[in-house]
Amino acid sequence: MLFVAAICCMLMTVSYAQQAQQADKQELTTVGNPYMPLWEHIPDGEPYVFEDPDQPGKYRVYVYGSHDNLIDAYCGRDQVVWSASLDSLNNWRYDGVILVVDKNRDGEPFDSVGTADVLYAPDVTMTTDAAGKKTYWLFPNDQTGYRNGLIAKSDRPDGPFEVCNWSKENPVQVTGVYGFDPAVFVDDDGKIYGYWGFGHSMAAEIDPATMCTVKPGTKVVDGMIGGFKEPNGGDFRFFEASSIRKIKDKYVFIYSRFTKDGEFGLPTSNYTLAYCYSDNPLGPWTYGGTIIDGRAREKDEQGNVIASATPDGNTHGSICEINGQWYVFYHRQTGINEYARQAMVAPIEVKVEEGKGGKVEISEGEYNSNGFALNGLNPFECHSAGICCWYTGPKPATHEWPNNTFYGSYVASGYGTDDKFAAPYDLRNNTNLVVNNTDGSIVGYKYFNFDAKRLADKGNLMLVLRLIPEGVNGTIDIMMDRPWISQGGKKIGQIDLKADMENTVWDMAAGISTEAKEKDLAGKHAIYFVFKSDIKGKSLCKLVDFVFKL
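Residues numbered from 1 in each chain as written. Predicted model: local features only at pLDDT ≥ 70, side-chain atom pairs only at ≥ 80, totals over all residues. Heavy atoms only, no water.

Asker: Quick question: what am I supposed to make of the layout of surface pockets here?
Answerer: What the largest pocket holds in volume is close to 710 Å³. Lining the largest pocket are 37 residues, with I306, A307, T392, K395 and P396 positioned closest to its centre. Those elements giving two or more residues to the lining of the largest pocket turn out to be β19 (305-307), β26 (390-392), β27 (398-400) and β36 (523-532). Its residues placed into classes, the lining of the largest pocket shows 19 nonpolar, 11 polar and 7 charged. (1 Å grid on protein atoms, 1.4 Å probe; cavity = no way out; pocket = protein on both sides within 12 Å on 5 of 7 lines; lining within 4 Å. Points joined across faces, edges and corners; volume = space filled by probe spheres on them. Helix = DSSP H or I, 4+ residues; strand = E, 2+ residues; numbered from the N terminus. Nonpolar A, V, L, I, M, F, W, Y, C, P; charged D, E, K, R; others polar.)

Asker: I would appreciate a short explanation of the sheet that holds strand β20 (residues 318-322) in the present structure.
Answerer: Consider a sheet: its strands pair through backbone hydrogen bonds, and that pairing is either parallel or antiparallel. The antiparallel open sheet is built from 3 strands, whose spatial order is β20-β21-β22. The open sheet has two edge strands with one neighbour each: β20 and β22 (341-348). Sheet twist, expressed as the mean angle between neighbouring strand axes with direction ignored, is 35 degrees. Relative to strand β21 (residues 325-333), β20 runs antiparallel, the two being bridged by 5 bridges. Bridge pairing links C320 to Y327 in β21. (Pairing = 2+ DSSP bridges. Axes fitted to C-alpha atoms, helices over the stretch in contact; angles between N-to-C directions.)

Asker: Is there a simple way to explain the pairing of strand β4 (residues 79-85) in this structure?
Answerer: Side chains on a regular strand alternate between the two faces of the sheet. Burial analysis of β4 places 6 of its 7 residues in the buried class, which makes it a mostly covered element. Sheet topology places strand β3 (residues 59-64) next to β4; 5 bridges connect them, and they run antiparallel. Each bridged residue has a counterpart across the sheet, and for Y64 the counterpart in β4 is V81. Pairing analysis gives 4 bridges linking β4 to strand β5 (residues 93-99), with the strands arranged antiparallel. Looking at β5, one finds that W82 is bridged to Y94. (Buried < 20%, exposed > 50% of the residue type's maximum accessible area, 1.4 Å probe, protein only.)

Asker: Help me out: how do you make sense of the environment of P53 in this one?
Answerer: With respect to the helices and strands, the residue P53 is situated in the loop between β2 (46-51) and β3. Owing to a relative accessible area of 31%, P53 belongs among the partly exposed residues under this scheme. The spacing of P53 and R156 is 103 residues in sequence and 6.6 Å in space, taken between C-alpha atoms. Beyond its immediate stretch of four places on either side in the chain, P53 contacts Y62, R156, P157 and D158. (Contact = heavy atoms within 4.5 Å.)

Asker: What am I meant to see in the sheet that holds β4 here?
Answerer: Reading across the sheet, the 4 strands line up as β2-β3-β4-β5 and stay open at both edges, with antiparallel pairing between neighbours. In the strand order of this sheet, the two ends are held by β2 and β5, each with one partner. The mean inter-strand angle of the sheet, taken between neighbouring strand axes irrespective of direction, is 30 degrees.

The following block contains the structure:
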């Protein structure tokens, strides 16, 4: 039932220069997930809606995170911010470096080579004085022993920020109570609360005069919720990544949680964000559930629960309401370790029962490829293969901190070209290869929205998949909805690979079945590439990008 046009049998090489020229002209209206350019690595994202200081009365979403640019370790020695207009969530803008801590209180370098501190997951909050002046406070989780509680402030949400809690006694130290992964919250009554901890949850009311010390007359809450190794941990199982939000009259605490072994049908993992809620900012708290699972839980052909993405790692993020829609912001791992993380987003539902003892219900977000494109990505725009949300192999990938071992497909990490800031979303920059596509591997995308009117146009529909062959005979089945026919999936096309194909970039065109074009594809669908070969354990090709064409 497959109609294969003559062009679909041709194998065409495309030079890198030609690709770059084509990519320059590519303007995406649906960007995909990760939502920032794929060369950028901003994990631990804390999203906030703040007024644009350059356009009074207009608002932007600002995401504050750490910066994975050390390559062989977590985070980096600077922190940057990205933002987007509320009217254009598919177009994120790099607002620059907001903090580097490379000098002491007196403006002197810490050492002879000017080494800057490594900065982990930050948080930001805003205060407004009696005159209406806004001050933005950054809590960068400085990883140098003398400066763990460092904070900085700015008159603008996009910085730059300056350290403001230097010790009076020692020029290289700071004052303050904050520990690992601080979160800070200004309540409606002006009171300020801080949260932090690593395996053990801490919180306190903060002195507004300092923004970093415990309010006089109050005490630190030691063990606010149960830790994952603590006997009284219960369902909380706190690990790290403290984040706090207030929704109506409820306080919602978001954090990285270690699941129980066997929970959800998978081994224990801290790759999930969970939440609890309370009537009071310091508790007591009620456990709510999971908001997002970075393992992308799915079911295989036999119905067993599997991790359809990276099997384990760390996560950090929070929730934010934008234009009436709630989202969970989090990150995913790329490459073979935990040091090249990317910013992800998923829509969620939040329900709050107001009044004392009222419940907070937050739906679990879906790990997907469409991010802010809630109706699905445009299949007639060229998308990087690296936005896949499903990548599995012939046997499950394994994790041994900080590395992952893949027996099939995974997303390779990438860092763009020299002009990536000038052309952040051009395909030559905005790409991650999908590699190690062995026999039995599946690469999937949720979701594309096929326009019915466009599909009704005359002409043959095809998928053009740009790839790099790796000397193996095999096929790529193009599946719709599910990767298996037994679960309702439909094969709509096929690409053949030959062992003697040159190891360079090819455009492979596969004809899409007439039946699928005319009857099945209209609307929102997942697309999967299923790899098959008689040669086991060797990659058929590397995936670059793809587009549907009429």
